[in-house]
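Close look at the chain arrangement
One letter stands for each residue in the lines below.
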Amino acid sequence: MRALEGELSRTITAIQGVRAARIHLVLPKREVFSRERQEPSASVVLRMKGSGRLDKPQVQAIQHLVAAAVPDLKPSRISIIDDRGNLLARGGDTNSSQLASANAEEMRIAYEQRVARAVETLLERSVGIGKVRAEVSADLNFERVVENSEIFDPSSQVVRSTQTVEENSATNENQANQGVTVQTNLPETQGGLNVGGSTASGAKNARNEETVNYEISKTVRNTIREAGALKRMTIAVLVDGNYTGSDRAYQPRPQEELAKLESLVKSTVGFNAERGDSVELVNLPFAQVEDIQDSAATLFGFSKREFLQLAEIIVLAVVGLLVILLVVRPVLTRLFEALPAAGAALGQVTPSGAPAGVAALAGPLDPSAAALAPPDEEPEDLLDAMIDINRVEGRVRASSLKKIGEIVDKHPEEAVAIVRNWMYQEAG
């Protein structure tokens, strides 16, 4: 788990604007006889570079990055804060009312920061980097409205269907008085005349019926107004002036330039006077960063940076003094002790014409050298020279044996291999 936290921290640090990151993972263990399992969670602390801040998509990207690297971890259970204690992402239950209100507040803050950043970025191109500061106060409506309506328009009627019924009927009075017989139904009875030639009076009935169905136009509207509608916005912009001369004398900006800058701000934020928006642009001198740093509390009159530099110098001086006392001084002491003996040995000359010190290093002095000495050299001087030569030779051999012993102690295997090689050469 520690390795996973470290690798995730290194990955998040690679994001532009993030100086350092620290991650805490909570991975609950599965209980043996428990049916419920607690979900894992994580918390991320970010240290930003300078005054940089992460926007909402970048924060969500970090949430999904951590969630994808940890099994069963959901992005909604990852909390992210910055080094100033600002909550960038909230982890927890997404259905709670408190989280809904918190999300509304985060939405408002994110909107204000986005508008302020847009204003600063635009004006910095004209007045200079770090010479403008914008603050935005937005009044957002977070009520979610769902509206369903049906609208009928009686002035616009459309004929949907028409039904016409025509009915004509004729009745004979004689037939009405007579019963139903075969004679009355014969086709010879025409024109109101019967078989006997007598006339019959009758009546005709006609009925016309027409039914027209009209369709009235109807409009059905389903309107959903999401939360976050802007009701009113107030913007305050502070612009630094110009500095002239070597003494950096402050000079305010002309009113024409301020009017143009104010017009740019209104166009950037979508200024609406009917909505009640207001923009206030003021030209005032900014406080110098050097003055703020000098006025800060220091230790013994030194700033934090100067105190660290002084501490580094003291540490280096102590290390150099220790090196001189523990390394350089013993070496020089040994060298000065060996110089008189070496000078005395080198001052003597052997019978062969070589210095006595060289002869001592080459090998033991030949006993016959005394016989070849000049006759005018006294035996006592020769004896003293031999004593000095033996002393130098003894020191050289002791030093050589000590060094050989140290080499054998440090590299025993290589020393055994060299001795075996000598033995094989002698045997050969």
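All residue numbers refer to positions counted from 1 along the written sequence of the respective chain. Under the rules for a predicted model, residues below a pLDDT of 70 receive no local features and side-chain atom pairs below 80 are neither given nor counted, while totals for whole chains, interfaces and linings still include all residues. Only hydrogens and water are set aside when side-chain values are computed; all heavy atoms of the structure are taken into account.

Here we come to the overall build of the protein chain. Helices and strands together make up the secondary structure of the protein chain, namely 10 helices and 11 strands. Note on classification: 1.4 Å probe, protein chains only; a residue is buried when its accessible area is under 20% of the maximum for its type, exposed when over 50%, partly exposed between these limits. Counting every position in the protein chain, which comprises 428 residues, the buried fraction comes to 17%. Here, residues are in contact when the closest pair of their heavy atoms is within 4.5 Å. Residue pairs at least 24 apart in sequence account for 68% of intrachain contacts in the protein chain once pairs closer than 6 positions are excluded. Note that accessible areas follow from Shrake-Rupley with a 1.4 Å probe, and for residues the cover is restricted to the protein chains shown. Summed over its atoms, the accessible surface of the protein chain is roughly 32000 Å², and 55% of this surface lies on carbon and sulfur atoms. Think of it this way: any DSSP run of H or I at least four residues long counts as a helix, any run of E at least two long counts as a strand, and we number them from the N terminus.

Each pair of strands is called paired provided DSSP finds at least two bridges between the two strands. With mixed pairing, three strands are arranged side by side in an open sheet as E5-E8-E11. Single-partner strands in this sheet number two, and they are strand E5 (132-141) and strand E11 (278-283). Neighbouring strand axes in the sheet, compared pairwise and without regard to direction, differ in orientation by 10° on average. In the sheet, strand E8 (residues 229-239) pairs with E11 via six bridges, with the strands oriented parallel. Each axis is a line fitted through C-alpha atoms, and for a helix only the stretch in contact is used; angles between axes span 0 to 180 degrees, taken between their N-to-C directions.

With that settled, the discussion passes to the packing of aromatic side chains. Stacked, tilted and edge-to-face are the three classes assigned to paired rings of Phe, Tyr and Trp, where Trp is represented by its six-membered ring and a pair needs centres within 6.5 Å; plane angles under 30 degrees give stacked, over 60 edge-to-face, the rest tilted. What the rule picks out here adds up to one aromatic pair. A ring is considered to have a charge above it if a Lys NZ or an Arg CZ atom is located within 6 Å of its centre and within 35 degrees of its normal. The ring centre of Phe271 lies 4.9 Å from the NZ or CZ of Lys266, which sits over that ring.

Let's shift gears to unusual backbone geometry. With a phi angle near 65°, Asp72 is a residue other than glycine that sits in the positive phi range. One can find Asp72 in the loop between helix H2 (56-69) and strand E3 (78-82).

Look at helix H1 (residues 2-13) against H2: their axes get within 11 Å of each other, and the N-to-C directions meet at 150°. Between H1 and H2, the interaxial angle falls into the category roughly antiparallel. In this structure, the crossing between H1 and H2 has a hand that is right-handed. Counting all contacts with H1, which are made through Leu4, Leu8, Thr11 and Ile12, the residues of H2 involved are Ile62, Leu65, Val66 and Ala69. Any residue that is not Ala, Val, Leu, Ile, Met, Phe, Trp, Tyr, Cys, Pro, Asp, Glu, Lys or Arg is counted as polar, Gly included; the first ten are nonpolar and the last four charged. Of the residues that constitute the contact of H1 with H2, the class distribution is seven nonpolar, one polar and no charged. Angles are sorted into four bins: roughly parallel if under 35 degrees, roughly antiparallel if over 145, roughly perpendicular if 65 to 115, and oblique for all others. Two helices cross in a left-handed way if the nearer one is turned anticlockwise from the farther one by less than a right angle. They cross in a right-handed way if the turn is clockwise.

The subject of this paragraph is a positive patch on the surface. A patch consists of residues exposed above 30% relative accessible area that lack any salt bridge, with like charges linked at up to 9 Å and nonpolar side chains (Val, Leu, Ile, Met, Phe, Trp, Tyr) linked at up to 5 Å. Here, a salt bridge means any side-chain nitrogen of Lys or Arg that lies within 4 Å of a carboxyl oxygen of Asp or Glu. We score Asp and Glu as negative and Lys and Arg as positive, and we do not count His or the chain ends. Charge positions are represented by NZ for Lys, CZ for Arg, CG for Asp and CD for Glu. Residues Arg19, Arg47, Lys49 and Lys304 make up a contiguous surface patch of positive charge. Here Arg19 is to be found in strand E1 (residues 18-26).

The next point concerns the pattern of salt bridges. Considering all chains together, one arrives at 14 salt bridges under this definition. Taking the shortest distance from any N to any O, the salt bridge between Asp277 and Arg275 comes out at 2.4 Å. The class for Asp277 is buried, based on a relative accessible area of 7%. Overall, Arg275 belongs to the partly exposed group, its relative accessible area being 26%.

On to the confidence of the model for the protein chain. Confidence in the prediction for the protein chain averages 76 pLDDT; 72% of positions are at 70 or higher. Scored from 0 to 100, pLDDT reflects the predictor's confidence in each residue. Confidence over residues 349-379 falls short of pLDDT 50; this stretch has 24 contacts with residues more than four positions distant or in other chains.

Here we take up the sheet that holds E3. Hydrogen bonds between backbone groups are what pair the strands of a sheet, and the pairing can be parallel or antiparallel. Overall, mixed pairing links the four strands, which are arranged E1-E2-E3-E4 in an open sheet. For this open sheet the edge positions go to E1 and strand E4 (87-89), each flanked by a neighbour on one side alone. Neighbour to neighbour, the strand axes of the sheet diverge by 25° on average, direction disregarded. As defined by bridge partners, strand E2 (residues 41-48) adjoins E3 across five bridges and the pair is classed as parallel.

Here we come to H1. Here the expected span of a helix is defined as 1.5 Å times the quantity of residues minus one. Taking 1.5 Å of rise per residue, the 12 residues of H1 would be expected to cover 16 Å, and the 16 Å separating its terminal C-alpha atoms lies within 8% of that figure. What H1 keeps buried is the set Glu5, Leu8, Ser9 and Ile12. Looking down the long axis of H1, one finds its buried residues gathered within 105° of arc, a one-sided arrangement. Seen from the open side of H1, the exposed residues pointing more than 90 degrees away from its buried face are Ala3 and Arg10. Packed against the buried residues of H1 are E1, E2 and H2. Note that the arc is defined by the directions from the helix axis to the C-beta atoms.

Another aspect to go through is the pairing of E8. With 10 bridges connecting them, E5 and E8 associate as antiparallel partners. Its bridge partner being in E8, Asn141 is matched across the sheet by Ala229.

Let's shift gears to helix H5 (residues 255-269). Here H5 contains 15 residues, and its C-alpha end-to-end distance of 21 Å stays within 8% of the 21 Å for a straight helix at 1.5 Å per residue. All of the buried residues along H5 are Leu258, Leu261, Val265 and Val269. The arc enclosing the buried residues of H5, seen along the axis, measures out at 60°, which places them on a common side. Seen from the buried face of H5, the exposed residues on the opposite side, beyond 90 degrees, are Glu256, Lys260 and Ser267. At the exit of H5 stands Gly270, carrying a positive phi of roughly 75°.

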